[in-house]
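Spelled out, the chains give:
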Number of protein chains: 2
Amino acid sequence: MTGEGRARFERIYALLRSRICLLDYPPGMRLREEDLAEEFETSRTPIRRVLARLEDEGYVRSVHGVGTMVTDIDSASLEQVYRLRVELSELIGRLSPIVPDAETIEAFDVMRRRCEALAKAPDQRTFAQLNMDFLDLLMTLTENEPLREFSERLYYQTTRFWLKTVAGLERHEEALASETDYFLREISDIATAVSCGALETVGQVRRAHVAMSYARLKARARGDVLPDEV
Amino acid sequence: MTGEGRARFERIYALLRSRICLLDYPPGMRLREEDLAEEFETSRTPIRRVLARLEDEGYVRSVHGVGTMVTDIDSASLEQVYRLRVELSELIGRLSPIVPDAETIEAFDVMRRRCEALAKAPDQRTFAQLNMDFLDLLMTLTENEPLREFSERLYYQTTRFWLKTVAGLERHEEALASETDYFLREISDIATAVSCGALETVGQVRRAHVAMSYARLKARARGDVLPDEV
DNA sequence: CCGGATGATGATGTGTACAAATCCTCTGAT
DNA sequence: ATCAGAGGATTTGTACACATCATCATCCGG
């Protein structure tokens, strides 16, 4: 596969993955190959190529004679993914870190401003999108390709369950506002560390925030109300 | 995909990956879909499903109108993969370790005896196979599925370049004997730690051995002759 | 009224013909 | 002799028809 066909493949793949992670395609939803083929104005064959990759990466599961369903995840698996994410976070600063240039530093500042704007009008979908963009930016700080790839995959696996949990909360608006606030602090901390060129610190800060984010998620799923939302 | 078709898919995938990693299919070799279809007594369609996965994981690359070639790797990428492997190795003991039962302990002892037998008649292919089996056994020590999956992938990415380098050495028989010896020490150390239930130690020992293995590989690739082979 | 067989329906999996792209060879003009 | 270009051969990518499988409604018998 190469050239134009490759570009189309990547485009459809990224779009479907995005839809799954943003819960446009919620867990359990059935994706019909023919419908997708029609939407993207092609035949089933290229669609099946995309779905095959999504299945290999665990986003969907195809069953002969039934359909292709968006997967769900149990809390045990989520815990494993989060724990691995925590460990990988720190590696950003240890494996082939790239010294940030002025442009990169500016990019982090743009993120900070985007988050400040979000804090004034919290929105779940915008939050998720900002989160993804921030991860992408973080990953430009290391040249370690496999690390980038795995970090991305683990992130995409967790984000939709984070969204599902937060959306289903009793006081989900308060929770979302609180999470936006935490995220703003994370971005600020990391932006500062980046501007100093302290990439090890970036990794440690990120690790701490991923770990705390999961702790809050678990607490909220239990029904706890966090102190700052009282 | 499910049932019998799934089983066949997994079988062919594992076999082709094994052939690539054991250098039966050396880097640069062209795989013809039709030939593979004939070998496995099927049509191109299921073969393409397997090749698509192998491509997504970086083992091959398909180019329209040309063919499907087994990939090669540059030393920079190899370095990145190894450095990540070193970090992941230690996580075996930290993420959801499983307390080894008598059967597991016995399995490690079987590995040790296999390696002792190998040391008496070093053989590159047997060495590689033992290495793979040992990794599989190691991975049974953690319940962290994503960690298992990623560790496997990184290992499979490195092993064929290890094989290629060692096979191409001037004094490759001495090098192979030496590596077998190092590997025996690793297995012994880890088997001991496992029998004590000290999984953190297992991770640390493994980490050290992976790091040293890569250091030796780099040294040998430079043309150095290691002290113990003089 | 219930229960199992049975066929209709709709989904994914497979086989195959054809399209598109690349590579190699042959030809012919300069 | 060399190089440009056309054309054929080869190989992957795509479209589509059909096979296979699971589900569900229906019907018949007890």
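Only a predicted model underlies this, so the values are computations on that prediction, with no experimental measurement involved. (Residues numbered from 1 in each chain as written. Chains lettered and ligands numbered in written order. Predicted model: local features only at pLDDT ≥ 70, side-chain atom pairs only at ≥ 80, totals over all residues. Heavy atoms only, no water.)

Undergrad: Help me get a handle on the overall build of chain A, residues and values and all.
TA: Tallying secondary structure elements over chain A gives 9 helices and 3 strands in all. Order of helices (α) and strands (β) in chain A, N terminus to C terminus: α-β-α-α-β-β-α-α-α-α-α-α. Along the three orthogonal principal directions, the C-alpha set of chain A runs to about 50 × 45 × 30 Å. Residues classed as buried in chain A amount to 49% of the 230 residues present. Relative to all contacts within chain A whose residues are 6 or more apart in sequence, the contacts with residues 24 or more apart total 74%. Accessible surface, chain A as shown: approximately 10,700 Å² in total, 50% of it carbon and sulfur. (Helix = DSSP H or I, 4+ residues; strand = E, 2+ residues; numbered from the N terminus. Buried < 20%, exposed > 50% of the residue type's maximum accessible area, 1.4 Å probe, protein only. Contact = heavy atoms within 4.5 Å. Areas by Shrake-Rupley, 256 points an atom, 1.4 Å probe, with all protein chains shown as cover.)

Undergrad: With reference to specific residues and values, describe the relation of the copies chain A and chain B.
TA: Between chain A and chain B, the superposition needs a rotation of 180° and an axial shift of 0.0 Å, giving an RMSD of 0.0 Å. Read as a symmetry element, the transformation amounts to a two-fold axis. Identified as the residue of chain A closest to the rotation axis by C-alpha distance is arginine 53 of chain A, at 3.4 Å. Of all interface residues in chain A, 97% are interface residues in chain B too; the two copies therefore contact each other through one and the same surface. (Least-squares fit on C-alpha atoms with pLDDT ≥ 70 in both.)

Undergrad: Tell me what's going on with the protein's contact with DNA strand C, and back it up with residues and numbers.
TA: Near DNA strand C there are 22 residues, and of these Arg32 and Arg48 of chain A together with Met1, Arg8 and Ser43 of chain B occur at the shortest range. Restricting the count to atoms of DNA strand C within 4 Å of the protein gives a sugar and phosphate share of 68%. Taking serine 43 of chain B, its side chain carries an N or O atom lying 2.6 Å from a phosphate oxygen of DNA strand C. For the surface near DNA strand C, the secondary-structure elements that each account for two or more residues are strand S1 (30–31), helix H3 (44–56), strand S2 (60–63) and strand S3 (67–70) of chain A together with helix H3 (44–56) of chain B. Of the residues that constitute the surface near DNA strand C, the class distribution is 6 nonpolar, 10 polar and 6 charged. (Near = heavy atom within 4 Å. Polar contact = N/O pair within 3.5 Å; in protein donor to acceptor, adjacent residues only side chain to side chain. Nonpolar A, V, L, I, M, F, W, Y, C, P; charged D, E, K, R; others polar.)

Undergrad: So what's going on with the sheet that holds strand S1 (residues 30–31) of chain B? Which residues, and what values?
TA: Residues and elements named next belong to chain B. Strands sit in the order S1-S3-S2 across an open sheet of 3 strands; the sheet is antiparallel. This sheet does not close on itself; its edge strands, each paired only once, are S1 and strand S2 (60–63). Two strands pair when backbone bridges link them, and S2 and strand S3 (residues 67–70) are joined in this way by 4 bridges, in the antiparallel orientation. In the sheet register, valine 63 faces S3, and the bridge partner there is glycine 67. Relative to S2, H3 is tilted by about 115°, and along the sheet it contacts S1, S2 and S3. (Pairing = 2+ DSSP bridges. Axes fitted to C-alpha atoms, helices over the stretch in contact; angles between N-to-C directions.)

Undergrad: Can you tell me about helix H5 (residues 102–120) of chain A, naming the residues and giving the values?
TA: Residues and elements named next belong to chain A. Compared with an ideal rise of 1.5 Å per residue, which puts 19 residues at 27 Å, H5 spans 28 Å between its outermost C-alpha atoms and is within 8% of the ideal. Listed in full, the buried residues belonging to H5 are Thr104, Phe108, Met111, Cys115 and Leu118. One side of H5 holds all its buried residues, which, seen down the axis, span an arc of 75°. Exposed residues pointing more than 90 degrees away from the buried face of H5 are listed as Ala102, Glu103 and Lys120. Among the structural elements, helix H6 (124–139) and helix H8 (172–196) are those in contact with the buried residues of H5. (Expected span 1.5 Å × (residues − 1). Arc of directions from axis to C-beta.)

Undergrad: An account of the protein's contact with DNA strand D is requested, with residue identities and associated values reported.
TA: The environment of DNA strand D is formed by 22 residues, the closest being Met1, Ser43 and Thr45 of chain A together with Arg32 and Arg48 of chain B. Within the side chain of threonine 42 of chain A, a nitrogen or oxygen atom sits 2.8 Å from a phosphate oxygen of DNA strand D. Here a phosphate oxygen of DNA strand D and a side-chain polar atom of arginine 32 of chain B are 2.6 Å apart. Elements that contribute at least two residues to the surface near DNA strand D include exactly H3 of chain A together with S1, H3, S2 and S3 of chain B.

Undergrad: Which residues make up the pattern of salt bridges, and what values go with them?
TA: Scanning the entire structure with this criterion turns up 62 salt bridges over all chains. Ionic pairing is found between arginine 94 of chain A and glutamate 87 of chain B, a salt bridge with its closest N-O pair at 2.5 Å. Here arginine 94 of chain A, found in the loop between helix H4 (75–91) and H5, pairs with glutamate 87 of chain B, found in helix H4 (residues 75–91), and the two come from separate chains. Accessibility expressed as a relative area gives 12% for glutamate 87 of chain B, which makes it buried. Measuring nitrogen to oxygen at the nearest pair gives 2.3 Å for the salt bridge that ties arginine 220 of chain A to glutamate 179 of chain A. Placement of arginine 220 of chain A in helix H9 (residues 199–222) and of glutamate 179 of chain A in helix H8 is noted, with a sequence separation of 41 residues between them. Glutamate 179 of chain A matches arginine 220 of chain A in its accessibility class, with the two residues each being buried. Here the salt bridges do not stand alone but share partners, grouping Glu87, Glu90, Arg94 and Arg207 of chain A together with Glu87, Glu90, Arg94 and Arg207 of chain B into one network. (Salt bridge = Lys/Arg side-chain N within 4 Å of Asp/Glu carboxyl O.)

Undergrad: Would you mind going over the pairing of S3 of chain B in detail, with residue names and values included?
TA: Residues and elements named next belong to chain B. Two strands pair when backbone bridges link them, and S1 and S3 are joined in this way by 2 bridges, in the antiparallel orientation. Looking at the pairing, arginine 30 lines up with methionine 69 of S3. Hairpin connection, S2 to S3: the antiparallel pair is bridged by 3 residues, and glycine 65 has positive phi, about 85°.

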